[in-house]
Amino acid sequence: GSLLYLDALGAAFPRALARRGTALLHWTPGRPRAPAGWPLPTLYCTPAAAGALPSRAAALRVQLLFALRQRALGVLEAGLAAELHDALLALRTEWPQLAQELALGRLSPQPGLPEGVRDQLQALLTPDAARAAELRAECARGFEGIAMRLWPQLEVVVVRTAHGGERLYCDSLRQADCQGLPFYCPFYQAAGALLGVNLWPAEPAPRFLLCPDWAFCEFLPCPANKEPRTVLLDELWKGREYGLVVTAQPGEYRCRTGEVLRVAGFHKQCPMVEPVRRESQTLSVRGESIPEEQFCQSLCHALRLWPGARLIDYVCVESSLLGDSSGPCAPHYEVFVELQGLRDLSEGQRYKLDQCLQEDFPVYKSFRFKGSIGPLRLHLVRPGTFTRLREALGSPLPMPRVLREEQLLRLIQGSVVS
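Where an unreviewed UniProt entry is consulted, the protein appears under the name GHDC protein, with the organism given as Edolisoma coerulescens.

The subject of this paragraph is the sheet that holds strand 2 (residues 75-80). Across the sheet, which stays open at both edges, the four strands sit in the order 1-2-3-4 with parallel pairing between neighbours. For this open sheet the edge positions go to strand 1 (22-25) and strand 4 (183-184), each flanked by a neighbour on one side alone. Contacting strand 1, strand 2 and strand 3 (156-161), helix 4 (residues 81-104) crosses the sheet at an angle of about 120° to strand 2.

Taken in spatial order, the seven strands make up an open sheet running 5-6-7-11-10-9-8, and their pairing is antiparallel. Of all strands in the sheet, those with a lone pairing partner are strand 5 (187-190) and strand 8 (216-221), marking the two edges. Going from strand to strand, the sheet's axes swing by 50° on average, the running direction of each strand aside. Both strand 6 (residues 193-197) and strand 7 (residues 208-210) contribute to a ladder of two bridges, which runs antiparallel. Bridged to Gly196 within strand 7 is Leu210.

Next up on the list: the pattern of salt bridges. The final tally for this structure, using the stated rule, is 26 salt bridges. Between Glu101 and Arg61 there is a salt bridge whose closest N-O contact spans 2.9 Å. Of this pair, Glu101 sits in helix 4 while Arg61 sits in helix 3 (residues 56-69), placing them 40 residues apart in sequence. Grouping residues by exposure puts Glu101 and Arg61 together as buried. Across the salt bridge formed by Glu218 and Arg254, the nearest N and O atoms sit 2.7 Å from each other. With Glu218 in strand 8 and Arg254 in the loop between strand 9 (241-247) and strand 10 (255-267), this residue pair connects regions lying 36 residues apart in the sequence. Judged by its relative accessible area of 52%, Arg254 falls in the exposed class.

This part covers the pairing of strand 3. Every other side chain in a regular strand lies on the same face of the sheet, so the side chains alternate between the two faces. Where burial is concerned, most of strand 3 is hidden: six out of the six residues are buried. Both strand 2 and strand 3 contribute to a ladder of five bridges, which runs parallel. If you follow Leu80 over to strand 3, its bridge partner there is Thr161. Of the strand pairs in this sheet, strand 3 and strand 4 are connected by two bridges, and their pairing is parallel. Paired with Val158 across the two strands is Tyr184, which belongs to strand 4. For the handedness criterion, the β-α-β arrangement of strand 3, helix 8 (residues 167-175) and strand 4 is classed as right-handed.

Right, let's get into the domain arrangement of the protein. Looking at the protein, the domain boundaries give domain 1 (1-185), domain 2 (207-279) and domain 3 (284-414). Each of domain 1 and domain 3 has a C-alpha centre, and the two are 31 Å apart. Roughly 1,400 Å² of surface becomes buried between domain 1 and domain 3 when both sides are summed, with 54% attributable to carbon and sulfur atoms. Across the domain 1-domain 3 interface, the total number found is one salt bridge. Asp86 serves as the salt-bridge partner of Arg390, at 2.8 Å between the closest nitrogen and oxygen. Within the residue set of the side of domain 1 that touches domain 3, elements represented by two or more residues are helix 3, helix 4 and helix 8. With five residues, the top contributor of residues to the side of domain 1 that touches domain 3 is helix 4. A class-by-class count of the residues in the side of domain 1 that touches domain 3 yields nine nonpolar, seven polar and five charged.

What follows deals with unusual backbone geometry. In terms of backbone geometry, most residues other than glycine have negative phi values and most peptide bonds are trans. Cis geometry marks the peptide bond from Cys222 to Pro223, where omega comes out at -5°. Structurally, the position occupied by Pro223 is in the loop between strand 8 and strand 9. You will see that Arg20, though not glycine, has its phi angle at about 55°, which is positive. Inspection of the secondary structure puts Arg20 in the loop between helix 1 (2-12) and strand 1. One non-glycine residue, Lys268, lies in the positive phi region at around 50°. Take Lys268: it is sitting in the loop between strand 10 and strand 11 (270-278). Note on Lys268: relative accessible area 75%, which makes it exposed.

Reading the values: the criteria
- Residues numbered from 1 in each chain as written.
- Predicted model: local features only at pLDDT ≥ 70, side-chain atom pairs only at ≥ 80, totals over all residues.
- Heavy atoms only, no water.
- Pairing = 2+ DSSP bridges.
- Helix = DSSP H or I, 4+ residues; strand = E, 2+ residues; numbered from the N terminus.
- Contact = heavy atoms within 4.5 Å.
- Axes fitted to C-alpha atoms, helices over the stretch in contact; angles between N-to-C directions.
- Salt bridge = Lys/Arg side-chain N within 4 Å of Asp/Glu carboxyl O.
- Buried < 20%, exposed > 50% of the residue type's maximum accessible area, 1.4 Å probe, protein only.
- Right-handed = clockwise from strand over helix to strand, strands pointing away.
- Domains from an automatic or database assignment.
- Buried area = accessible area lost by both parts, 1.4 Å probe.
- Nonpolar A, V, L, I, M, F, W, Y, C, P; charged D, E, K, R; others polar.

In structure tokens, the structure reads:
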């Protein structure tokens, strides 16, 4: 898989394979893991030990510092779009300290960075006053298009997971920090298995070629029949959607991944697929089933009715998770959002989201009219809440859009400001 990736990347962006020309921003707590370009370890300017730190925030910050040292970067690579998003968010708030560390060639003590590891990483640093001055000058100008200004030779942003809950961060990066840069998502993974590779880096919408030798895949046609029967790779039809069933290794359990794929076409008789949705992220309190990407579209529709507001992040909760704290009311959704440009929302503005959902989903509207589903409740949370939520997840997984764990719910409830 990695060799196919490197071949496709080098063909589309010839300077992308330069020695030490790739910065990796990826948290792998406990032990370093192989990056996408592992067959050519000299590609990377970020030390492997930085990604294995126990703290996600510390790992991304240290990796960012090593990336900033290398002005001639050709590739920014991240395991998740949210990791690149959060690293560049740290740049916005901590650039004076990062510039000082560059100038002195020293790592400041910080939570989640053990002293022994700090000494090991610091041995790799050398003072660079000129680069520190450049960082100060560019950050003082603002952060729109900051990636191209800090790394003038940057050719592409590589994100290993950019679909589902991560799409929001890709859109945010394209509009601001990474303005003008192409994004390339090279791999499709599910249930811990590598299943497909994207051989077309220059195309804006990723399509993944399913490789038959990497895992045993079966497919459930959507919508499901009364007696569902799986089909195999050679039985797929272009334009149709299928639920993915995987047996990753011989002897492992066969499992439904919860991923739904659409067949985009064929390449030399092998199907090319596009991830459509994650079934585990569907909202349903009465069987109405609102998929994650369609809920996001309704939220963005409502957002356009809130002048000056920009969506930073969001998550949903079904009222059953709240237990008695939700009060004596009909089942409903609670939505937690982080916004830029608005500090509060009126009751009328909050109702707009429920109104948009009713317009977009007739079944939801019917349940609301009958009183079987209660009105949606919308909460604003303080800045940085979702960065802390991703740390609390404990592993580098795509951002959930529907919370299912009480511990994560308590964290988000404790950050509500309105």
